[in-house]
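These are the residues of each chain, in order.
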Amino acid sequence: MPPPISEQNNKMIRNRNNSVLLFGAYYSPFVGLCHGFFLFIFSFFIFKIIFFWNTSIACIFLVFNFFQATEGCFNSIISFGDSLADTGNRLHLSQNKTHLPHFAVRPYGETFFHHPTCRFSDGRLVIDFIAESLELPLVPPYLGGKEENFKQGVNFAVGGATALDYAYLLEKGVRPGNNVSLGTQMGWFKEMLSALCKFPSECKEFLQKSLILVGEIGGNDFNYGFLGNSTKEEVESYVPAVINTISSAIQVLQKEL
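So, how was this worked out
- Residues numbered from 1 in each chain as written.
- Predicted model: local features only at pLDDT ≥ 70, side-chain atom pairs only at ≥ 80, totals over all residues.
- Heavy atoms only, no water.
- Helix = DSSP H or I, 4+ residues; strand = E, 2+ residues; numbered from the N terminus.
- Expected span 1.5 Å × (residues − 1).
- Buried < 20%, exposed > 50% of the residue type's maximum accessible area, 1.4 Å probe, protein only.
- Arc of directions from axis to C-beta.
- Contact = heavy atoms within 4.5 Å.
- Polar contact = N/O pair within 3.5 Å; in protein donor to acceptor, adjacent residues only side chain to side chain.
- Phe/Tyr/Trp six-rings, centres within 6.5 Å; stacked < 30°, edge-to-face > 60°.
- Lys NZ or Arg CZ within 6 Å of the ring centre and 35° of its normal.
- Axes fitted to C-alpha atoms, helices over the stretch in contact; angles between N-to-C directions.
- Parallel < 35°, antiparallel > 145°, perpendicular 65-115°, else oblique.
- Left-handed = near helix turned anticlockwise from the far one by under 90°.
- Nonpolar A, V, L, I, M, F, W, Y, C, P; charged D, E, K, R; others polar.
- Pairing = 2+ DSSP bridges.
- Core = buried A, V, L, I, M, F, W, Y, C linked by side-chain atoms within 4.5 Å.

Draft legend 1. Structural view of helix H4 (residues 182-196). Compared with an ideal rise of 1.5 Å per residue, which puts 15 residues at 21 Å, H4 spans 21 Å between its outermost C-alpha atoms and is within 8% of the ideal. Every buried residue of H4 is listed here: Leu182, Gln185, Met186, Trp188, Phe189, Met192, Leu193 and Leu196. The buried residues of H4 occupy an angular sector of 155 degrees when the element is viewed end-on, so they sit on one face. Those residues of H4 that are buried lie in contact with strand E8 (76-80), helix H1 (89-93), strand E9 (153-155), helix H5 (200-208) and helix H8 (239-256). Between a side-chain oxygen at the N-terminus of H4 and the backbone nitrogen of Gly183 the separation is 3.3 Å; the capping residue is Ser181.

Structure follows, in structure tokens:
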């Protein structure tokens, strides 16, 4: 069992009915927590981006969903994020179909899968360990997948994705590596629900038995800014927009539960 999240570095900032949102400075996955009849969605991401100027910005959250059930823990995992969670979506967006991108060739994937899996890792990602701990299949990417395969999990994360929309960043003089934002992923999520569920009650039941991971997302918004020679002040100017975008996405997800 992983060590508990430091109480000193975390505080609860929202608690409504069956959903809890925490803010903190550590990533600490809590999985397989089935205490009696209460099941806890207890993985969370909060990253600090440390600038050379010794400024730190907390930029990502994850929804904690507490609900009561009588059997098992979670039936599925739904993931949003960037390369730290991408299990194959970026490859489907690759414009060069002749030459594979770097993450689709060795040494990527060699330590566990023994072949590239289009993860940005030489082995498994945190989301893979969470799925294994919950005794669920590894979460498949949304792009290139089929709805019938998403009943036990679906991953919308894309390597290089941003929290802010492409157009917003262009206005700031920032050119992202791709045009996939958190808003794009939320759009895919809604498309998936409409195809997977026949009735709203069916979707609600599906989501209430799902572990929903939001993040890591938002770091690339700042990475692209610095790579594009933006100043510290220019990058800091859209920090509130990044946080508001992530918070809004979480609130939309909460309303679906």
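Draft legend 2. Highlighting helix H2 (residues 126-133). Taken together, the buried positions of H2 are Ile127, Asp128, Ile130 and Ala131. Buried residues in H2, looked at end-on, bunch into an arc of 160 degrees, giving them a common side. Residues of H2 that are buried in the fold lie against E8, E9 and strand E10 (210-214). Count one or two residues on from H2 and you reach Glu135, which has phi positive near 60 degrees.

Draft legend 3. Looking closely at the packing of aromatic side chains. Applying the stated criterion across every chain yields a total of nine aromatic pairs. Consider the rings of Phe112 and Phe113, whose centres lie 4.9 Å apart with planes at 90 degrees: the pair is edge-to-face. Accessibility expressed as a relative area gives 34% for Phe112, which makes it partly exposed. Ring plane angle 50 degrees and centroid distance 5.1 Å describe the contact between Tyr142 and Phe156, whose orientation is recorded as tilted. A residue pair is termed long-range when its members are at least 10 positions apart, and Tyr142 in the loop between H2 and E9 and Phe156 in the loop between E9 and helix H3 (166-171) qualify at 14 residues. The exposure class assigned to Phe156 is buried, which follows from its relative accessible area of 0%. Above the plane of the ring of Phe112 lies Arg124, whose end atom (NZ or CZ) is 3.8 Å from the centre.

Draft legend 4. Quick peek at the packing of H4 against H5. For the pair H4 and H5, the least separation of the axes is 9 Å and the interaxial angle reads 120 degrees. Judged by the inter-axis angle, H4 sits oblique to H5. In terms of crossing hand, the pair formed by H4 and H5 is right-handed. Contacts between H4 and H5 involve Phe189, Met192, Leu193 and Leu196 on the former and, on the latter, Glu202, Cys203, Phe206 and Leu207. Among the residues making up the contact of H4 with H5, the classes are represented as seven nonpolar, no polar and one charged.

Draft legend 5. Here's a closer look at the sheet that holds E8. Taken in spatial order, the three strands of this open sheet run E9-E8-E10, and their pairing is parallel. Edge positions in the sheet fall to E9 and E10, since each of these pairs with one other strand and no more. On average, adjacent strands in this sheet sit at an angle of 10 degrees to one another, irrespective of strand direction. Across the sheet, H2 lies against E8, E9 and E10, angled at about 165 degrees from E8, the strand it touches most.

Draft legend 6. Inspection of the nonpolar core at higher detail. Counting 40 residues, the largest nonpolar core has Ile78, Phe80, Phe156, Phe189 and Met192 as its most contacted members. Looking at this core, the elements that each hand over two or more residues are E8, H4, H5, E10, helix H6 (219-227) and H8. Filtering out sequence-adjacent residues up to four positions away, Ile78 remains in contact with Val154, Phe156, Phe189, Phe206, Leu207, Ser210, Leu211, Ile212 and Leu213. One finds Leu125, Ile127, Ala131 and Val139 within the second-largest nonpolar core, a separate group that totals twelve residues.

Draft legend 7. Structural context of the pairing of E8. Burial of E8 is extensive: five of the five residues sit out of reach of the surface. Neither face of E8 is exposed, since Ser76, Ile78 and Phe80 on one face and Ile77 and Ser79 on the opposite face are all buried. Judged from the five bridges that link them, E8 and E10 form a sheet pairing that is parallel. Its bridge partner being in E10, Ile78 is matched across the sheet by Ile212. Alignment of E8 against E9, held across three bridges, turns out to be parallel. Residue pairing across strands places Ser79 opposite Asn155, the latter belonging to E9.

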